[in-house]
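Reading the structure
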Amino acid sequence: MAWLVLIVSGLLETVWAAALNAARGFSRPLPTVVFAVALVASMAGLSVAMRSIPIGTGYAVWVGIGAIGTAVYGMVALGDPVTATRLVCLGLIVAGVLGLKVLH
């Protein structure tokens with residue numbers, strides 16, 4: 001169950017990062033509220049997951065999921081560049097996250 005909570009928390013990290021971008025310096029109310037709610041929920045989930053997952057593994061997986069999700073969101077929804085190098089680097093992050101899960 002802790003791993004499911006950690007994955008959802010990592011996905012919420014993507015939500016708050018996207019909302020932070022959309023909030024435009026906290027000048028737009030709805031994205032600002034989405035940012036705050038997703039941030040608190042993401043941190044709370046990370047805290048719960050780390051009750052049974054080692055801190056280094058939990059934090060690295062949480063950040064990895066958030067980084068991958070945010071990068072993919074940027075490429076798909078915001079027109080960030082999609083290059084072979086970028087995709088290889090994201091693949092390395094995925095491999096690291098999976099390795100941490102398997103070796104846990």
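Provided above is the structure to which this section pertains.
Presented here is an overview of the structure given in this document. (Residues numbered from 1 in each chain as written. Predicted model: local features only at pLDDT ≥ 70, side-chain atom pairs only at ≥ 80, totals over all residues. Heavy atoms only, no water.)

Side chains that are nonpolar tend, in soluble globular proteins, to be buried together. In this structure, Ala-2, Trp-3, Leu-6, Leu-46, Ala-49, Ile-53, Val-61, Trp-62, Ile-65 and Val-97 together form the largest nonpolar core, which totals ten residues. Elements that contribute at least two residues to this core include exactly helix 1 (2-23), helix 2 (29-49) and helix 3 (55-77). Setting aside residues no more than four positions away along its own chain, Ala-49 makes contact with Ala-2, Val-5 and Leu-6. (Core = buried A, V, L, I, M, F, W, Y, C linked by side-chain atoms within 4.5 Å. Buried < 20%, exposed > 50% of the residue type's maximum accessible area, 1.4 Å probe, protein only. Helix = DSSP H or I, 4+ residues; strand = E, 2+ residues; numbered from the N terminus. Contact = heavy atoms within 4.5 Å.)

Taking 1.5 Å as the rise per residue, helix 1 with 22 residues should run 32 Å; its terminal C-alpha atoms sit 31 Å apart, in good agreement. Those residues of helix 1 lying buried are Ala-2, Trp-3, Leu-6, Ser-9, Gly-10, Glu-13, Thr-14, Trp-16, Ala-18, Ala-19 and Ala-23. Each element contacted by the buried residues of helix 1 is listed here: helix 2, helix 3 and helix 4 (84-103). (Expected span 1.5 Å × (residues − 1).)

Following the sequence through the fold, Thr-57 ends up in helix 3. Looking at Thr-57, the relative accessible area reads 14%, which means it is buried. Those residues within four positions of Thr-57 in sequence are excluded, and the remaining contacts are Trp-3 and Leu-100.

Counted according to the given criterion, the structure contains three aromatic pairs. With a centroid separation of 5.9 Å and an interplanar angle of 80°, the aromatic rings of Trp-16 and Phe-35 are classed as edge-to-face. Remark: Phe-35 occurs in helix 2 and Trp-16 occurs in helix 1; sequence separation between them is 19 residues. Taking 5.6 Å as the distance between ring centres and 40° as the angle between the ring planes, the aromatic pair formed by Tyr-59 and Trp-62 counts as tilted. Separated by three residues within a single helix, Tyr-59 and Trp-62 lie in helix 3, roughly one turn from each other. On the basis of relative accessible area, Trp-62 is assigned to the buried category, the value being 3%. Pairwise contacts between aromatic rings join Trp-16, Phe-26 and Phe-35 into one cluster. (Phe/Tyr/Trp six-rings, centres within 6.5 Å; stacked < 30°, edge-to-face > 60°.)

On the surface, Met-1, Leu-4 and Val-8 cluster together to form a nonpolar patch covering roughly 350 Å² of accessible area. Tracing the chain through its elements places Val-8 in helix 1. (Patch = residues over 30% accessible without salt bridge, like charges linked within 9 Å, V, L, I, M, F, W, Y side chains within 5 Å. Areas by Shrake-Rupley, 256 points an atom, 1.4 Å probe, with all protein chains shown as cover. Salt bridge = Lys/Arg side-chain N within 4 Å of Asp/Glu carboxyl O.)

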